[in-house]
Structures are given as C-alpha cells and as structure tokens.
Amino acid sequence: MSTHRLRFKLNGADRDLEVPADRLLIDLLREDCGATGTKLGCGIGVCGACSVLVDGELVSACLVPAVFVDATAIVTVEGLARDGALTPLQDSFIREGGFQCGICTPGQLIAATALLGEHPRPTRDEVRSWMMGNICRCTGYYGIERAIDRAAGAR
Amino acid sequence: MTFEYHEPRELGPALDLLARHGQDAHLIAGGTATVLLLRQGLLRPGHVIGLRRIESLGGIARTSDGGLRIGAMATHRAVERSPMARAYSPALTDAFASVATIRIRNQATVGGNLAHADPAQDPPPMLAAFGATVTARSSRGERTIPVADLAVDHFTTSLAGDEIITEVVLPPIVEGTRAAYLKFLPKTADDYATVSVAATLRLASDGTVAAASIFLGAVGPTPIRARRVEDALRGRARGDIGEAAALVGEEIDPVDDARGSSEYKRRMARVWTERTLAQLLR
C-alpha cells in the first residue's frame, strides 16, 4: 500500500498529513482530522449524511478517495458558523424546526448551503430537486424546506 | 484493499502504467463506481491509476463541424450545466441531469460512466442515439469506437485492458432532428431507471419520420437499440406510432429485479417508447 502526503484546507485551516492510498475522505475528516460533525450514514453515496464541500462542490465524503483532496479546500458543518455566530441558514433550521434526531442535519446544512450559493432565491422545485438526495429518516422534510425558504428570504 | 496509487499529470505516463501493469491495474476517474467496487472486494488491483490531474482529459467544447467534444474527465454536472452542451441538445443535458443526485453528478465523470458500462445508466443510450463515439488511447495508438458498440455485456466493454477513454465526440445534428430522453422512475427521483428511452427523430417536410435512432436503458445487458421500431417508424406520421412502439418488446431482454418484473418492464418499455415518440412528434 502506498502512502500519500496531502496538503489541503479544512474549514480555512491548513492541514498536512500522510494517508494510505485506500483512505476515504469521510475517514480523513473524522479519524485523521477529528472533525466528527460529518456523519457516516449509508456509506454508498445515497443518503447524504456525509455531504461536504470540496472546492465548493457538494459531494459524498464516503465516496471520495482522500488522495483526491490534495490541494483542495474542504468545508464541513464545523466551518459554517464564524466565531460562534450561526449562518442565517443554521439559525433558520433552529427557528423552523429543520431537524428532529439531528443525524442528517450536518449533511442537510451543507447541501442547503451549496444550494443557496448557486440559487440565492431557489424555487420550490429547485429546493426539492437539490435536497432530494439528503434523506431524513425522521421525515422532517417540511421543516427543512421552511428553513431553506426562511434563509433565502433573509438574504 | 491494498494497492499502490498513481496520479500522473500527463496521459503518456498513465498509458505506460496501464501497459506495464496490465490486469493488475485499474483506472479511477471520478470514483463513484470504483470506490464501491474496491470496498466490496469486487476489484482487487495492485495498482490504481488516478486520472484527475490529467488536464487534457477535461473540457467541453463545440467542434469545428458543429458537433460537441466532451473530455472524459468532465463531470456529469459539468455537462448538465454547460451552455455548449445545452446548445447542442437539451435532451443531452436532460440525460446527464437524470443521474442520481447532485453529489454523484459533481463527482462521476463521462468517461468513467461509459467505461463502467452499467446498463441502467442514463447517458449511454442518449449518447448512442446521437451517434456519439469515444476516442480510446493506448500506448499502441488511438481508435474510435461508437458508443453503441462500447458496452458488450453487463459492466463489460469492448475496450482493451490498456486503453483509456479520452473523450466523447458527438457529431453535428442534422437540421430538423428532434431528441428526447425519458426516464421512468416509479420509486424515488434518484433511482436507476426501470426503463429509459433515448431517441432522435428527423422529420421530412411532410411531417413524416425520415430517420429515427432509438436506444433503451435498463432493459438488457447493454443499452438496446430498437431497430424494429426505427424501421417501422419511417414514413409514419404523428398519431400513427403505437404499432411501431409495440415492437419494442421483441428487442429487449429485461430481468426481474427490485425495479419491476421482466414482464412489467416489457410493458413499460412500450408505454415509455410511445410517450417519447409522441413527445418528439408533438
């Protein structure tokens, strides 16, 4: 097994570490970087729990080889709030009850952050087609949708 | 999984690695399929060759003759969002936008999709219906393969072990041609198709069908060309397509699975072929 030196930014901070060739991004984040906000759900790229941004692109951390993130900038749920101040989206999730058990919430927040980055005032169809792949087993979808609507209006 | 990972910056060294390690090497493009196959132990290569740093494999551009070139490492979402791809045909961008979720489309590549040869995938039937070809490079040279001839069985292509898909080339669209991609999804929007239909039709000045190219996904070991339907459509007009669409059942070979029984898929193939043709003749 070869090992590889990775230099990347995680939530704005420089990281420099060595990983084996078969490391996955989800394990790089949780095990090597201690950033456990990103959750592992299905492990096959379907459920959306491990949604993260790599160079601004929404991906499943469970499907991305760690070697792919060398020289990239990664944003996880830990990177949304600045100095303890929640983003309008995080605040809206609280106000609208955009979660129940919370396990899918980091992925929902990251996916919705990417959505609002691309569509600052998304239509109902845009919200639903974009968020479709982030599964909430508590079926709290209406709250998630309201939270996104509220955050979009607050901008 | 235990392998050496290589990430060459040029195509030449990637071809050399592939030629040197032969069956013991596997390419990784976006990784959505390969990561799962590695983790499930279905692939046990000694060497994995990453293509992501090879810039010549990227890009989407119109060709000088009015066609379209899509670099093998272009992601599905890059195609979906490309104004040049949309100007070529909205049906093309529809087919790419139909794949799974935004996360998968951000990662999965056009070349990786074709090399994986999953018969339920969305882009291959649409690319085949447009008459697209792939360029395959090896240290021995270069050849052109029609997308229609690329998949030869479930997850099996006609590529040699030392070949890399470098690009997909779509020919210019003949004036008067209409195209559509319809995907039947009875369960969730991110699922594989129960059946999908990709079609291009060219109409004569009297409104009858002059030429048709129809491929179905998810109803056989590869995308299936509906030749009998194509032949039966020639000279037909709107409102006169049901009989031609019904012939599709003789061409396909669907299997029973979680997305429906073989018999159900056969019936749905007829329904969705007819819907696709009706949309194109509207």
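Our subject is the structure listed above.
Values in this document were obtained by computation on a predicted structure and should not be read as measured data.

Things to note about the overall build of chain B
At step 1: Secondary structure summary: chain B contains 12 helices and 14 strands in total.
At step 2: Rg of the C-alpha trace for chain B: 19 Å, near the compact-globule value of 19 Å for 282 residues, within the 12% margin.
At step 3: In terms of overall dimensions, chain B has a C-alpha envelope of 60 × 45 × 30 Å along the principal axes.
At step 4: Burial status across chain B gives 54% buried among its 282 residues.

Considerations on the sheet that holds strand 2 (residues 13-20) of chain A
Residue and element names in this part refer to chain A.
At step 1: Spatially, five strands are ordered 2-1-5-3-4 in an open sheet, and the strand pairing comes out mixed. Both edges of this open sheet fall to strand 2 and strand 4 (57-60), since each of them pairs with a single strand only. Each adjacent strand pair in this sheet contributes to an overall mean axis angle of 40°, direction not counted.
At step 2: Of the strand pairs in this sheet, strand 1 (residues 3-10) and strand 2 are connected by eight bridges, and their pairing is antiparallel. Within the sheet, the bridge partner assigned to phenylalanine 8 lies in strand 2 and is arginine 15.
At step 3: Against the sheet, helix 1 (residues 25-32) makes contact with strand 1, strand 2, strand 3 (51-54) and strand 5 (73-75), and its axis sits at roughly 115° relative to strand 2, the strand it touches most.

Observations concerning the environment of Gly117(A)
At step 1: Within the secondary structure, Gly117(A) is located in helix 3 (residues 105-118).
At step 2: In this structure, the C-alpha to C-alpha distance between Gly117(A) and Val64(A), residues 53 residues apart in sequence, is 22 Å.

Quick notes on helix 3 of chain A
At step 1: For helix 3 of chain A, with 14 residues, the first-to-last C-alpha span of 20 Å sits near the 20 Å given by 1.5 Å per residue.
At step 2: Each element contacted by the buried residues of helix 3 of chain A is listed here: strand 3, strand 4, strand 5, helix 2 (88-95), helix 4 (124-131) and helix 5 (141-153) of chain A.

Regarding the side chain of Ser82(B)
At step 1: By the element assignment, Ser82(B) lies in the loop between helix 3 (76-81) and helix 4 (83-88).
At step 2: Side-chain polar atoms of Ser82(B) contact the backbone nitrogen of Ala85(B), separated by 3.0 Å.

What about unusual backbone geometry?
Residue and element names in this part refer to chain A.
At step 1: Positioned with a positive phi, alanine 71 is a non-glycine residue whose angle comes to about 70°.
At step 2: Position of alanine 71 among the secondary structure elements: in the loop between strand 4 and strand 5.
At step 3: A relative accessible area of 60% places alanine 71 in the exposed class.
At step 4: The backbone of threonine 139 sits at a positive phi, close to 55°, despite the residue not being glycine.
At step 5: Residue classification places threonine 139 among the exposed residues on the basis of a relative accessible area of 55%.

Comments concerning the interface of chain A and chain B
At step 1: In this assembly, 30 residues from chain A lie in contact with 27 residues from chain B.
At step 2: Roughly 2,400 Å² of surface becomes buried between chain A and chain B when both sides are summed, with 56% attributable to carbon and sulfur atoms.
At step 3: Among the residues of chain A in contact with chain B, Leu63(A), Phe68(A) and Met132(A) are the three that bury the most area, contributing 27% of the side total.
At step 4: In this assembly, chain A and chain B are joined by three salt bridges.
At step 5: In this structure, the connection of chain A to chain B is made through 16 residue pairs in polar contact (both at pLDDT 80 or more).

Considerations on the pattern of salt bridges
At step 1: A complete count under the given rule lists 30 salt bridges over all chains for this structure.
At step 2: Arg77(B) is the partner of Glu118(A) in a salt bridge, and the nearest nitrogen-oxygen pair spans 2.6 Å. Residue Glu118(A) is found in helix 3, and its partner Arg77(B) is found in helix 3; the two belong to separate chains.
At step 3: In this structure Glu118(A) comes out as partly exposed when scored by relative accessible area, which is 30%.
At step 4: Judged by relative accessible area, Arg77(B) falls into the buried class, the value being 5%.
At step 5: Here Glu7(B) and Arg53(B) are joined by a salt bridge, their closest N and O atoms 2.6 Å apart.

What counts, and where the lines are drawn
Residues numbered from 1 in each chain as written. Chains lettered and ligands numbered in written order. Predicted model: local features only at pLDDT ≥ 70, side-chain atom pairs only at ≥ 80, totals over all residues. Heavy atoms only, no water. Helix = DSSP H or I, 4+ residues; strand = E, 2+ residues; numbered from the N terminus. Rg over C-alpha atoms; globule rule 2.2 N^0.38 Å. Buried < 20%, exposed > 50% of the residue type's maximum accessible area, 1.4 Å probe, protein only. Pairing = 2+ DSSP bridges. Axes fitted to C-alpha atoms, helices over the stretch in contact; angles between N-to-C directions. Contact = heavy atoms within 4.5 Å. Expected span 1.5 Å × (residues − 1). Polar contact = N/O pair within 3.5 Å; in protein donor to acceptor, adjacent residues only side chain to side chain. Buried area = accessible area lost by both parts, 1.4 Å probe. Salt bridge = Lys/Arg side-chain N within 4 Å of Asp/Glu carboxyl O.

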